[in-house]
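Summary of structural features
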Amino acid sequence: MARRRQLYEGKAKILFEGPEPGTLVQYFKDDATAGNGAKSGVITGKGVLNNRISEHLMLRLQEIGIPTHFIRRINMREQLVKEVEIIPLEVVIRNVAAGSISKRFNIPEGQRLPRPIVEFYYKNDELGDPLVSEDHIIAFGWACPHDLEDMTGMAMRVNDFLCGLFSGIGIQLVDFKLEFGRCWEGEDMRIVLADEISPDNCRLWDLNTNEKLDKDRFRRDLGNVKEAYQEVARRMGILPENGAGGDMKGPETVQ
């Protein structure tokens, strides 16, 4: 049977029409990019690992009442998700200085911030995903004040939960990126967590050694990228001790 119609392709995922109205199939690629596509490569098995890690985290967040677009995992590389209207913002939560915030404010990487900081970036590769204020967001109609309140509140709850979850397996959640979408049910609309949560969009450091277990290994040419992702999955209990990302089995694909 022919694959369903492709609707969108991003740097790390492809979206296909779903088997039922209001659903999509989200496919995880092995492609890796950095610097808004300035650097690119392929990490064999990364998509499989991210699919499993994101599934696990989305399900755990649903258990504590965070609404998400996730419905179920279909197979090793695909998820069934709700169709949402993506809000064109990246919501970044920072617990420890790293990456751009270290450069902007000359803060040593690894220094714990006085409190978690929430930042908004406009999703536009051509503009380099610029940092924006709440005034920009409201003035340009990307989100209303109520939407922003919902996103910020959910982001902080997600941060609290994930910090505890990762700490329990010896990992420090340095920072991470979330995306949200508007989910319509008849006339009712609610903001839900969308996209993915994985080492692609989280900075994860070993609590004892500060070893990087995320995409910074690709950005900074540190090597062993897949092995780092596997280590995160192993500690989360979703990868056997001797498992490899490309060997994880799952249900049959939806065609």
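Since this is a predicted model, take the numbers as computed values, not measurements.

Details of the packing of helix α1 (residues 46–63) against helix α4 (residues 145–167)
Relative to each other, α1 and α4 sit at 120°, their axes nearing to 11 Å. Of the possible angle classes, the one that applies to α1 and α4 is oblique. As for the relative orientation of α1 and α4, their crossing is right-handed in sense. Contacts between α1 and α4 pair Leu57, Arg60 and Leu61 from the former with Val158, Phe161, Leu162, Leu165 and Phe166 from the latter.

Topic: the pairing of strand β7 (residues 78–82)
In terms of residue burial, β7 counts as a mostly covered element, since 4 of its 5 residues are buried. Relative to β7, strand β3 (residues 23–28) is paired through 5 bridges, and the arrangement is antiparallel. The residue of β7 that forms the bridge with Thr23 is Lys82. Strand direction decides the pairing type here: strand β6 (residues 70–73) and β7, joined by 3 bridges, are antiparallel. In the sheet register, Arg72 faces β7, and the bridge partner there is Leu80. Two successive antiparallel strands, β6 and β7, enclose a turn made up of 4 residues.

With respect to the confidence of the model for the chain
On average, residues of the chain score 92 in pLDDT, and 92% of them reach the 70 mark or higher. For residues 243–255, every residue scores under 50 in pLDDT, and the model assigns this stretch 41 contacts once sequence neighbours within four places are set aside.

Quick word on the packing of aromatic side chains
Across all of its chains, the model carries 2 aromatic pairs by this definition. Geometrically, the ring pair formed by Tyr122 and Trp142 is stacked, given 4.1 Å between the ring centres and 10° between the ring planes. Here Trp142 lies in the loop between α3 (134–139) and α4 and Tyr122 lies in strand β10 (residues 112–122), a separation of 20 residues in the sequence. As far as burial versus exposure is concerned, Tyr122 and Trp142 are alike and both buried. Taken together, a centroid distance of 5.2 Å and an interplanar angle of 50° make the contact between Phe140 and Trp142 tilted. We classify Phe140 as exposed; its relative accessible area is 54%. Of the aromatic side chains, those joined through ring pairs into one cluster are Tyr122, Phe140 and Trp142.

Thoughts on the environment of Arg5
By the secondary structure assignment, Arg5 is in the segment before β1 (6–9). Looking at Arg5, the relative accessible area reads 53%, which means it is exposed. Sequence separation of Arg5 and Leu61 is 56 residues, and the distance between their C-alpha atoms is 30 Å. Non-local contacts of Arg5, meaning those with residues more than four positions away in its chain, are made with Leu15, Phe16 and Glu17.

How each quantity is defined
- Residues numbered from 1 in each chain as written.
- Predicted model: local features only at pLDDT ≥ 70, side-chain atom pairs only at ≥ 80, totals over all residues.
- Heavy atoms only, no water.
- Axes fitted to C-alpha atoms, helices over the stretch in contact; angles between N-to-C directions.
- Helix = DSSP H or I, 4+ residues; strand = E, 2+ residues; numbered from the N terminus.
- Parallel < 35°, antiparallel > 145°, perpendicular 65-115°, else oblique.
- Left-handed = near helix turned anticlockwise from the far one by under 90°.
- Contact = heavy atoms within 4.5 Å.
- Buried < 20%, exposed > 50% of the residue type's maximum accessible area, 1.4 Å probe, protein only.
- Pairing = 2+ DSSP bridges.
- pLDDT = per-residue confidence, 0-100.
- Phe/Tyr/Trp six-rings, centres within 6.5 Å; stacked < 30°, edge-to-face > 60°.

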